[in-house]
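Next come the chains, spelled out residue by residue.
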Amino acid sequence: MGPLFIGYDGREYALNSRVELSPHLDLWMRGARYGTVARFRVGPNVRVFVKVDKLGARQAAVMMTEDCVRAVP
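Just so it is clear, the model here is predicted, and its values are computed rather than measured.

(A) Seen up close, unusual backbone geometry. Here N16, not a glycine, exhibits a phi torsion of approximately 70 degrees, which is positive. Along the chain, N16 turns up in the loop between β2 (12–14) and β3 (18–21).

(B) Representation of the nonpolar core within the structure. Grouped together as the largest cluster of nonpolar side chains are 18 residues, with contacts concentrated most on Y13, L21, V48, V50, V52, M64 and V69. Taken together, the elements giving at least two residues each to this core come down to β3, α1 (26–29), β5 (47–52), β6 (62–65) and β7 (69–71). In terms of residues, this core owes the most to one element, β5, which gives 3 residues. Excluding its chain neighbours within four sequence positions, the residues that come into contact with M64 are L21, L25, V46, R47, V48, V50 and V69.

(C) Highlighting the packing of aromatic side chains. Following the criterion strictly, the structure yields 2 aromatic pairs and no others. Pairing F5 with Y13 gives two aromatic rings, centres 5.5 Å apart and planes at 45 degrees, and the pair type is tilted. Assigned by exposure class, F5 and Y13 land together as buried. An aromatic cluster is present here, built from F5, Y13 and F40 joined pairwise through their rings. Directly above the aromatic system of W28 lies the positively charged group of R33, at a separation of 4.0 Å from the ring centroid. Residue placement shows R39 over the ring face of F49; its charged tip is 3.9 Å from the ring centre.

(D) Broad picture of the sheet that holds β3. Ordered in space as β6-β5-β4-β3-β7, the 5 strands form an open sheet in which the pairing is antiparallel. Of all strands in the sheet, those bounded by a partner on one side alone are β6 and β7. Between one strand and the next, the sheet's axes are offset by a mean angle of 50 degrees, whatever the strand orientation.

Rules behind the numbers
- Every chain is numbered independently, its residues counted from 1 as its sequence is written.
- Thresholds applied to this predicted model are a pLDDT of at least 70 for local features of residues and 80 or more for the giving and counting of side-chain atom pairs; totals over whole chains, interfaces and linings are not thresholded and use all residues.
- Each side-chain value is worked out from all heavy atoms of the structure, with water and hydrogens disregarded.
- In DSSP terms, a helix is any run of H or I states spanning at least four residues, a strand is any run of E spanning at least two, and both are numbered starting from the N terminus.
- As used here, the term nonpolar core means buried Ala, Val, Leu, Ile, Met, Phe, Trp, Tyr and Cys residues forming a set that is joined through side-chain atoms within 4.5 Å.
- Here the term buried applies to any residue with accessible area under 20% of the maximum for its type, exposed to any over 50%, and partly exposed to those in between, with areas from a 1.4 Å probe on protein chains only.
- Whether two residues are in contact is decided by their heavy atoms, any of which lying within 4.5 Å being enough.
- Only the six-membered ring of Trp is used, alongside the rings of Phe and Tyr, when aromatic pairs are assigned; centres must lie within 6.5 Å, and planes under 30 degrees apart are stacked while those over 60 apart are edge-to-face, with the rest tilted.
- Geometrically, a lysine NZ or arginine CZ counts as sitting over a ring once it is within 6 Å of the ring centre and also within 35 degrees of the ring normal.
- Here, any two strands with at least 2 DSSP bridges between them count as paired.
- Fitting a line to C-alpha atoms yields each axis, with helices limited to the stretch in contact; the angle taken between N-to-C directions then spans 0 to 180 degrees.

As structure tokens, this is what we get:
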């Protein structure tokens, strides 16, 4: 299944999961609220790359910490 990440609501999500961005992000304020976890990077903090629906091809994936998104039920 792959690694599991913890969202801002405390629930787990995985690679290729549908997620909602946190309302405190500028992207959320600009209407880009949902996306798919495309990849991740492990370091001092786990970073996930989210392919956001509303950005189009101009920006393929946005990097953020794992607690900036939550799984969409």
